[in-house]
Amino acid sequence: MRLPDEQEERGSGAAVMGSIAVVSVLILIILAVVFMSNSPKKNSGRKNLQAEASPTPAEETVEFAEGAGDIESLYRENKLRSEDLGFWDLYEDRFPGTEVVAPTEEPEGEPSPSHEPTEEELAGDGKHILVSYRDGTQEWLEISEEIPLHDYDFTRMKSVNGKMAYYEGNKRISRLGVELSEENGEVNFEALKEAGIDFVMLRAGTRGYETGLLTLDESFTSNLEKAEKAGLDIGVYFSSQAVTEQEAVQEAERMLASLASHRIAYPVAFRMDSVENDTSRTDILDKEERTKIADAFLGEVERAGYSAAIYGSKEWLLTQIQDRELKDRDIWLSEQEPIPEYPYQFKMWEYAVGEKIAGVSGVVNYTISFVDYTRR
């Protein structure tokens, strides 16, 4: 006969044993799942290798049998690199007829500007200059590094009664001149010299801007003789309307013939002005043609033994000719500004127009020369 306490004890022990069995079964199931998830699939090694291992020309092709060792050992044994991986070949095998383009690296280069430069930035960068065209439009031009820049220090300029002079220390190194033609009427050259003028630039002649007719300035011969008598140094210029190189040579020859018996120390200049409020025969020319015409004229002058120069405003010099082609020519700049904006080298500067001076009943244009051509 069993006691009541013994019966109760045996029942509770059976319950404990049942719980342990259930927990054990659960643990076995979990271990089985973990084991199966960590075991390699039959074809995984082959597929990964097919996608990743692509031999380079410098290495022999290595084939891997199904069920070969793990990926890491294969990399060690065969020294595979990232660039050997054949992902793109695998993609093409799976999708026949599909063109696969491998990704390419973006070429390195200068970053594109984040914005267009403003007017203020262009004006202040020292690399651009603003020009105005005859039709009223404006444009910022880049200053060329191929053309010599002027190196004048305009803090050395002094002006007395409109007469400009350039100094080095206390010594005036510039010379002052005026431009004269038949339009100035009768001129007292002795009075000009006493007023501080060192040289004159005389207009030798013109070509008609419509007819193309060549004419000498009516006062040229008289002005030439009187200027010589007064002891003034002389330069001359021709107002050209040539539309061919042959016409430019004709203009130069016509002018040079009138200089044969005179001492011309200052430049013989080529000048091609635009005609205000009208059209002219030179309007048909492009920059290249104007450049060749100017060069032909100046070449004739130099072959005759004279100093040659080309006259023009800032806009004309920068927009109407190929300044790179004429970079070695002397420039006679016409720009009526306190400080000229023209960036390149120039030897003479017409800085003021319509000025009154003793010896001339009308008005004159002042030119300062930074070069003493009499010493050349």
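Residues numbered from 1 in each chain as written. Predicted model: local features only at pLDDT ≥ 70, side-chain atom pairs only at ≥ 80, totals over all residues. Heavy atoms only, no water.

This part is about the pairing of strand E14 (residues 364-369). Residues in a regular strand point their side chains to alternate faces of the sheet. With six of six residues buried, E14 is to be regarded as a mostly interior element. Residues Val364, Tyr366 and Ile368 point to one face of E14 and Asn365, Thr367 and Ser369 to the other, with burial holding for every one of them. Strand direction decides the pairing type here: strand E6 (residues 175-180) and E14, joined by five bridges, are antiparallel. The residue bridging Arg175 from the neighbouring strand is Ser369, located in E14. As paired elements, strand E13 (residues 348-355) and E14 share five bridges and run antiparallel to each other. Residue pairing across strands places Trp349 opposite Ile368, the latter belonging to E14. (Buried < 20%, exposed > 50% of the residue type's maximum accessible area, 1.4 Å probe, protein only. Helix = DSSP H or I, 4+ residues; strand = E, 2+ residues; numbered from the N terminus. Pairing = 2+ DSSP bridges.)

Negative charge collects at one region of the surface, where Glu119, Glu120, Glu121, Asp125, Glu142 and Glu145 lie side by side. Of the residues forming the negative patch, the biggest block, three residues, is contributed by helix H5 (residues 119-124). By the element assignment, Glu120 lies in helix H5. Judged by its relative accessible area of 62%, Glu120 is exposed. (Patch = residues over 30% accessible without salt bridge, like charges linked within 9 Å, V, L, I, M, F, W, Y side chains within 5 Å. Areas by Shrake-Rupley, 256 points an atom, 1.4 Å probe, with all protein chains shown as cover. Salt bridge = Lys/Arg side-chain N within 4 Å of Asp/Glu carboxyl O. Lys, Arg positive; Asp, Glu negative; His and termini not counted. Charge placed at Lys NZ, Arg CZ, Asp CG, Glu CD.)

Here we take up the confidence of the model for the protein. Put simply, the protein has an average pLDDT of 82, and 70% of its residues get 70 or more. Confidence drops under a pLDDT of 50 for residues 41-69, and excluding neighbours within four residues, the segment shows 40 contacts in the predicted structure. (pLDDT = per-residue confidence, 0-100. Contact = heavy atoms within 4.5 Å.)

Let us now look at the sheet that holds strand E4 (residues 163-168). Sheet architecture is open: three strands sit in the order E3-E4-E5, paired in antiparallel fashion. Unpaired on one side and paired on the other, strand E3 (157-160) and strand E5 (171-172) mark the two borders of the sheet. By the bridge criterion, two bridges tie E4 to E5 in an arrangement that is antiparallel. From the neighbouring strand, Tyr167 faces E5, where its bridge partner is Arg172.

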